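Chain by chain, the residues run as shown.
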Amino acid sequence: MRRWLLSPRGLFWGFFLLVAGTISAQFLVIGTGTLPELADGMPRTRFIQLLLGTWLLSLLVLGFAWRELDRRFVRPIAAVAKGAAILTHTDSEHSLEVPKGHWLQELPTNVQYLGDKLQQTRNDMEKSFASWSERLERQKQSLETVLRELDAAVLVCDNEGRILLYNPAAQRILAGHEALGLGRSLYDICARAPVEHTLELLQLRRDTDDGKAGSAEFVCATTGHGPLLHCRLSLLPAEDGGFVLGFENAGARIERLVRRDSALRHAVENLRSPLTNLRAAAETLSAGHAMDPVTQDTFLTMLERESQALSERFEGLVKVSQERLSSRWTMADIRSRDLIDSVLRHGLEQLPQLEQTGRPLWLHAESLSLGFLLGHLLQQLKSYGIPYVNVEALLGNRWVYLDIVWEGKPIPADTLSNWLSKPLAYGEGLTGNEVLERHDSEAWSQEHGREGYALLRLPLPASQRQWEHAGPDRLPPRPEFYDFSLSEQRAPLADLASTRLDDLHYVVFDTETTGLRPSEGDRIISLAAIRVVNGRILYNEAFERIVNPERKIPAASTRFHGITDADVNDAPTIGTVLPAFRNFVGDAVLVAHNAAFDMKFLQLQEANTGVRFDNPVLDTLLLSFYLHDHTPEHTLEAIAKRLGVKVEGRHTAAGDATTTAEIFVRLLELLRAHGIETLGQALGAAEEIVDVRRMQSRF
Amino acid sequence: MSKRILIADDEPNIVLSLEFLLQNAGYEVATATDGEAALTAIADQRPDLVLLDVMMPRKDGYEVCQILRSDEAYRDLKIVMLTAKGRDVEQEKGLSLGADDYITKPFATQDVVQRVRHLLEA
């Protein structure tokens, strides 16, 4: 009611009351003032009737006027105002509800028009935002796919060498390197000096050469027993934009080259001695010296022996040079089926109808020239009168046989060699024979094992990939393998305590042990950890090891974690695992549930492994106590349930570490809501809880 | 009756040595210096074995081999291919086209005689 009174309409009718009151008061004054002095000729009653009548009439007229104004102006304006507010502040499509018969002329229509326009603009903007973000997302996904599928290993680092991105190829080459991870230092993986030297060179080049830095190559070693890397480094365009490092495992390649070079040199050198001997013996014999039969015989034996030696060594040379031929750099791995498909996709005319059977095999070949050769041969077969062929790939020792099979007779060798001597419609007019020669191969046509069928066989170098197990891709479909916001954080190492919790890197870990008493000889049997960076759990940066405790595992503890003596027999000991774990942890903050227990096990190994963990430690148990002191339930399960975390793999180190990490990420958010923003504050909160517990236990 | 051998090679020096050696081993030897001559000689003389060089003018060894193998009349004729290229794949090609054996140059002459004997006595 009060609100109505204060509303424009309330005020409007308030004015009515005021005016009506004033008029009434005037009538009253006129009435009471005039009545006593009224001339006797006028009857009083008549005067009062007249006055009252006039009063009522003017009130009625006034009321009518006010009501009309209310109906025609005030209510319509209020309705327009309300509608305009809806149109302005909400997104719904709203039609003004204006009472009929108003005198606002075009106002409601125009307001409605403006509102509709506004709505339309909003919709358009929303659509354009949506399509933009969709495009961005699509581009991002394409980039992610490219990076993931890229065969070349790529790392992106900021200027301090912190890793912002790595792709699966990099992960493959650096397999098992614990220090590979987002936000970790590149220099924990490979030697610092060559990288920094190259960076300096490129920066210099950029400063002196109009901002064009290009890239530079170098070879550098990795820490531990990792491979030798052949790297190509390029600067990112921004002033402090960091750099891109592409690399490959140089070790294998260098070794191959060195081995081949030395073999070749050796083989050539080996020819020298029998050649010298042969020449000397032949010259001696042909000089026509008088020679007794025994000496002559000696010379002849020597000729025979040396020519035999020459033959053998020559074979050696051939073998070495063939090895060299068969690994040309223009060759690449391609699947037989893809090769054929690429030929078919070229849309060549005059091809026989073609079907492919059998399992596709991996070739190591020059796919382009080979594609042209295949196309050419298929065309020739068609014009030879073969309408239908079946292509099958067979695996030999060193070769993959690409057999083109048809019903009929083999192609005569002279016809085939005629086909193969024609220049292909490719590049520099290469002939089929030359393409085959590049692959160290020959083609021929023979009868097929199946009666009445013939085939054209192309033996092609088989790829090593045939015999390698592809191995499951360790990365999930949308892996967390990059985080460019890392480059916006400044190095937090200087003052950890005042560093914001969001800016720190964490390693959340869990152990399984032979028992609960580390000081009485219980040992770690399983150790697992996972990294948390920027509030994200990096599921593919995980560490998991079974450890041989070098003692019997009590049955009671096996019931708990399921690990038996047999499981740990072949596992490395803590002396091997702990240094690897140390590498994985780096300078991250350690996090565990009931961390004191796990830390005790780690610290007891300090003396005999020489590995120290002096990282700050956060305990999810204590943090949970601090945040939720209303409940005594702070087991991993209880917290997980409270925070809506799904528990998987309970009582395996990896499962518990993941659960703890998921809990920890949620606790971080809650801590921020409680005003705890830095590591110092978080450690303080934990200490507070420890003090409270200590006090409680005293009573 | 001694077995007959045809040597088809366009390299006179190697023909000279092989002819001498095989005659010494007790065979009757004829020679040809290109593919077509070899085919004519085989048709005329009906040898038991032919030593076929791969690289010959006017029909190479593979071609001769394929023609011989497609003709039932020569089913019992033994074919030994000779080549200067020692690649596995060529050996395979020769054998696929029906050769009975394959010898790479340079070879030990004794080895050739042995293989010939082995084939003819089998």
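Rules behind the numbers
- Residues numbered from 1 in each chain as written.
- Chains lettered and ligands numbered in written order.
- Predicted model: local features only at pLDDT ≥ 70, side-chain atom pairs only at ≥ 80, totals over all residues.
- Heavy atoms only, no water.
- UniProt positions renumbered as here; feature names shortened; annotations may be inferred.
- Buried < 20%, exposed > 50% of the residue type's maximum accessible area, 1.4 Å probe, protein only.
- Contact = heavy atoms within 4.5 Å.
- Buried area = accessible area lost by both parts, 1.4 Å probe.
- Salt bridge = Lys/Arg side-chain N within 4 Å of Asp/Glu carboxyl O.
- Helix = DSSP H or I, 4+ residues; strand = E, 2+ residues; numbered from the N terminus.
- Disulfide = S-S within 2.5 Å.
- Phe/Tyr/Trp six-rings, centres within 6.5 Å; stacked < 30°, edge-to-face > 60°.
- Lys NZ or Arg CZ within 6 Å of the ring centre and 35° of its normal.

If you look chain B up in an unreviewed UniProt entry, it shows as Two-component system response regulator from Alkalilimnicola ehrlichii.

Considering the UniProt feature "modified residue: 4-aspartylphosphate" (unreviewed entry) in chain B
Residues and elements named next belong to chain B. Mapped onto the present numbering, the UniProt feature "modified residue: 4-aspartylphosphate" (unreviewed entry) falls at D53. Of the residues examined, D53 reaches a relative accessible area of 4% and is grouped as buried. Residues in contact with D53, not counting those within four places in the same chain, are A8, D9, D10, G61, L82, T83 and K105.

Topic: the interface of chain B and chain A
Tallying the contact residues gives 15 residues for chain B and 21 residues for chain A. Contact between chain B and chain A buries roughly 1500 Å² in total, counting both sides, with carbon and sulfur atoms accounting for 48%. The interface formed by chain B and chain A includes one salt bridge. The salt bridge partner of B:K93 is A:E442, with a shortest N-O separation of 2.9 Å.

Focus: the environment of A:M331
Residues and elements named next belong to chain A. Here M331 is to be found in the loop between α8 (293–325) and β6 (332–335). Put simply, M331 and R438 are 107 residues apart on the chain and 9.5 Å apart in space, counted from C-alpha to C-alpha. Excluding anything up to four places from it in sequence, M331 contacts H364, A365, E366, R438 and H439.

Digging into the state of the cysteines
All names here are of chain A. Scanning all chains against the criterion turns up zero disulfides over all chains. Free cysteine: C157, not disulfide-bonded; nearest cysteine sulfur from C190 at 8.2 Å. With a relative accessible area of 0%, C157 lands in the buried category. Take C190: its relative accessible area is 2%, and that puts it in the buried class.

Section: the packing of aromatic side chains
All names here are of chain A. Taken as a whole and assessed by the stated rule, the structure comprises 12 aromatic pairs over all chains. Note on F16 and W66: the rings are 5.8 Å apart at their centroids and 50° apart in plane angle, and the pair reads as tilted. One end of the pair, F16, is in helix α2 (residues 8–34); the other, W66, is in helix α3 (residues 44–89), with 50 residues separating them in the sequence. Comparing F16 with W66, the two get one shared label, buried. Ring geometry for F543 against F584: centres 5.5 Å apart, planes inclined by 40°, an arrangement best described as tilted. Taken together, the residues F543 in strand β15 (residues 536–546) and F584 in helix α15 (residues 574–585) connect sequence positions 41 residues apart. A single burial state applies to F543 and to F584, both of which are buried. An aromatic cluster is built from F509, F543, F581, F584 and F613, whose rings are joined through pairwise contacts. Over the face of the ring belonging to Y401 we find R457, whose NZ or CZ atom lies 4.5 Å from the ring centre. Here R545 stacks its cationic end above the ring of F543, 4.4 Å away from the centre of that ring.

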